[in-house]
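Tertiary structure, described
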Amino acid sequence: MRRSSTFARQVLLVRVGRRDDAVAGADLVVPDHRYADRQRRRYGRFDRTEVEAIMPVSPALAPTSAVDDDATAMSIPLLPGERTTARRMKFALVNGCTLSSLMLGMLAIFLAMQGDVRVAALCLIACVGFDGLDGALARKLGVASPFGAQMDSLADMCSFGLAAPVVVYASLAGSVPPAAAAVACALVAACAAIRLARFNVSPKDGRFFCGVPTTMAAAVLALTVAIGLPVPGLVLIGGVALLAFAMVSSFPYAKLARLVKLPPWLWLAPVVGALVDIRLTFALVVVGYLVSGPLLWLHQRRAA
């Protein structure tokens, strides 16, 4: 009897254990649909696309898409519009002017390293000419493009943000402390980079520049070296630093198109002064243009 009762007790325990395991497995595998329906009624039904639309995306990660990246990159042409042979030649001509400005900037650096600062300054002046030519040709020939704008910005950084400070530093060698000249020239490079980046992302104003343009600042530095402005070295360093800060300032400076429309008698004084003393006239014109920015800013503040 004891053996049979023990055997029956073991069978009963085995059956109860299997039933508990089955119930536990059912609880883990099969959810209770009543609670699921209750959650749906409480929170509503969400679409996967709606959830992905409101998910935060890190700015460091590019958005994912089902389109192949290579196919997308190949579908964006460098020259928008009709891609005929004539338009491609015009496009190549415009970008050739931009590359010429870049190469002349590199040549100015090499010449300054060899001590030919006057010739290097003339190369910078030629860079200014090519920089104005490529934009005018792009608009006239109808081949303006975002690619050309980025190329122009990179060439300006090389020619006016790097080559111009190097030429100025070479011209100041031996007349001023090297550390002071290096700081002033490095300031020009840093402000030129900030000025170009701000110009690329800021809305354009047809009347005024926001700060002194990088091209004009480089032209002033190149002409200062080319004509050999007879001022003390420390004054030149102060002028270089002031010009660098003027590039990143918020003062409005008139564009060349507005300066051309000035009355003819205003142009007569600089022309006559250049015939008498070109160095003094150049210095007065530069100082007058730098002062015009704060004066226009004050006039706009009072008018507002």
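Being a predicted model, the structure only gives us computed values, none of them experimental.

Section: the overall build of the protein chain
When helices and strands are counted, the protein chain shows 13 helices and two strands. Looking at the protein chain as a whole, 28% of its 304 residues qualify as buried. A fraction of 79% describes how many contacts in the protein chain between residues 6 or more apart in sequence connect residues 24 or more apart. Working note: accessible area of the protein chain is about 20600 Å², and carbon and sulfur atoms make up 68% of it.

Quick word on the layout of surface pockets
Empty space within the second largest pocket amounts to approximately 560 Å³. Around the second largest pocket, the lining comprises 25 residues; the ones closest to its centre are Thr224, Leu229, Val231, Leu236 and Gly239. Those elements that provide at least two residues to the lining of the second largest pocket are helix H6 (117-141), helix H7 (146-172), helix H9 (214-227), helix H10 (233-247) and helix H13 (278-303). The greatest single-element share of the lining of the second largest pocket, amounting to seven residues, is contributed by H10. Looking at the lining of the second largest pocket residue by residue, the class counts come to 18 nonpolar, six polar and one charged.

Quick word on the packing of H6 against H7
Between H6 and H7, the least distance of the axes is 10 Å, while the angle of their chain directions is 160 degrees. When the axes of H6 and H7 are compared, the pair comes out roughly antiparallel. Once H6 is placed against H7, the crossing between them reads as left-handed. Side by side, H6 and H7 meet where Val117, Ala120, Ala121, Leu124, Cys127, Val128, Asp131 and Asp134 of the first sit next to Asp152, Asp156, Ser159, Phe160, Ala163, Ala164, Val167, Ala170 and Ser171 of the second.

Remarks on the packing of aromatic side chains
In the structure shown here, the tally under the stated rule is three aromatic pairs. Between Phe91 and Phe147 the ring centres are 6.0 Å apart and the planes differ by 40 degrees, which places this aromatic pair in the tilted class. With Phe91 in helix H5 (residues 85-114) and Phe147 in helix H7, the pair connects residues that are 56 residues apart, well separated along the chain. Over the ring of Phe209 we find Lys255, and its NZ or CZ is 5.1 Å from the ring centre.

A few points about the environment of Ser250
Among the secondary structure elements, Ser250 is positioned in the loop between H10 and strand S2 (252-254). Linking Ser250 and Pro294, residues 44 residues apart in sequence, is a C-alpha distance of 9.1 Å.

Some points on the confidence of the model for the protein chain
A residue-level look at the protein chain finds 75% of positions with pLDDT of 70 or above and a mean pLDDT of 79. In this model residues 11-31 is a low-confidence stretch, pLDDT under 50, and it forms zero contacts with partners more than four residues away in sequence or in other chains. Every residue in residues 38-67 scores below 50 in pLDDT, and together they form four contacts with partners more than four places removed in sequence or on other chains.

A short note on H7
Along its 27 residues, H7 runs 38 Å from first to last C-alpha, staying within 8% of the 39 Å computed at 1.5 Å per residue. The axis of H7 is deflected most strongly, by about 30 degrees, at Ala163, and proline Pro165 appears within four residues downstream.

Comments concerning the side chain of Arg195
Relative to the helices and strands, Arg195 is located in helix H8 (residues 178-201). Although Arg195 is buried, it makes no salt bridge; Asp156 carries the closest opposite charge, 9.1 Å away. Engagement of the side chain of Arg195 in a polar contact is seen with the backbone oxygen of Val212, the distance being 3.2 Å. A distance of 3.4 Å separates the side chain of Arg195 from the backbone oxygen of Met247, its partner in a polar contact.

Let's talk about the packing of helix H12 (residues 264-276) against H13
H13 packs onto H12 with a crossing angle of 145 degrees between their chain directions and a minimal axis gap of 6 Å. The residues of H13 that touch H12, namely those facing Pro270, Gly273, Ala274 and Val276, are Ile278, Thr281 and Val285. Of the residues belonging to the contact of H12 with H13, the class tally is five nonpolar, two polar and no charged.

Points about the environment of Leu284
When you line up the elements, Leu284 lands in helix H13. Linking Leu284 and Pro270, residues 14 residues apart in sequence, is a C-alpha distance of 9.0 Å.

Cut-offs used in this document
Per chain, residue numbering runs from 1 following the sequence as it is written. Reporting of local features is limited, given that this is a predicted model, to residues whose pLDDT is at least 70; pairs of side-chain atoms are given and counted only at 80 or more, and all residues count toward the totals for whole chains, interfaces and linings. Excluding hydrogens and water, the side-chain values take into account all heavy atoms of the structure. A run of H or I in DSSP counts as a helix once it spans at least four residues, and a run of E counts as a strand once it spans at least two, with each numbered from the N terminus. Any residue under 20% of the maximum accessible area for its type is buried, any over 50% is exposed, and the rest in between are partly exposed; the area is computed with a 1.4 Å probe on protein chains only. Contacts are residue-level and defined by heavy atoms, with any inter-residue pair within 4.5 Å sufficient. Surface accessibility in these figures is a Shrake-Rupley result with a 1.4 Å probe; residues are shielded only by whichever protein chains are displayed. A pocket here means an open set of points on a 1 Å grid, computed over the protein atoms alone, that has protein on both sides within 12 Å along at least five of seven lines. A cavity is instead a set of points where a 1.4 Å probe fits but cannot get out; residues with an atom within 4 Å of a point line either one. Grid points are joined across faces, edges and corners, and a volume is the space filled by probe spheres set on the points. Residue classes follow a fixed rule: Ala, Val, Leu, Ile, Met, Phe, Trp, Tyr, Cys and Pro count as nonpolar, while Asp, Glu, Lys and Arg count as charged, and any other residue, Gly among them, counts as polar. Here an angle of 0 to 180 degrees is reported between the N-to-C directions of two axes, which are lines fitted to C-alpha atoms, with helices fitted over the stretch in contact. Roughly parallel refers to an angle under 35 degrees, roughly antiparallel to one over 145, roughly perpendicular to one between 65 and 115, and oblique to any angle outside these ranges. For any pair of crossing helices, the crossing counts as left-handed if the nearer helix is rotated counterclockwise from the farther one by less than a right angle, and right-handed if it is rotated clockwise. Centres within 6.5 Å are what make two rings of Phe, Tyr or Trp a pair, Trp counting through its six-membered ring; a difference in plane orientation under 30 degrees is then read as stacked, over 60 as edge-to-face, and the rest as tilted. Counted as over-ring charges are cases with an Arg CZ or a Lys NZ within 6 Å of the ring centre that also lie within 35 degrees of the ring normal. Per-residue confidence from the predictor is given as pLDDT, running between 0 and 100. One fewer than the residue count of a helix, multiplied by 1.5 Å, yields its expected span. Fitting axes to the seven residues ending at a residue and to the seven starting there, one defines the bend at that residue as the angle between these axes. Just so you know, the count uses Lys and Arg for positive and Asp and Glu for negative, and it drops His and the chain ends. Every case where a carboxyl oxygen of Asp or Glu lies within 4 Å of a side-chain nitrogen of Lys or Arg is listed as a salt bridge. Here a polar contact means two N or O atoms within 3.5 Å. Within protein one must be a hydrogen donor candidate and the other an acceptor candidate, and residues neighboring in sequence count only if both atoms are side-chain atoms.

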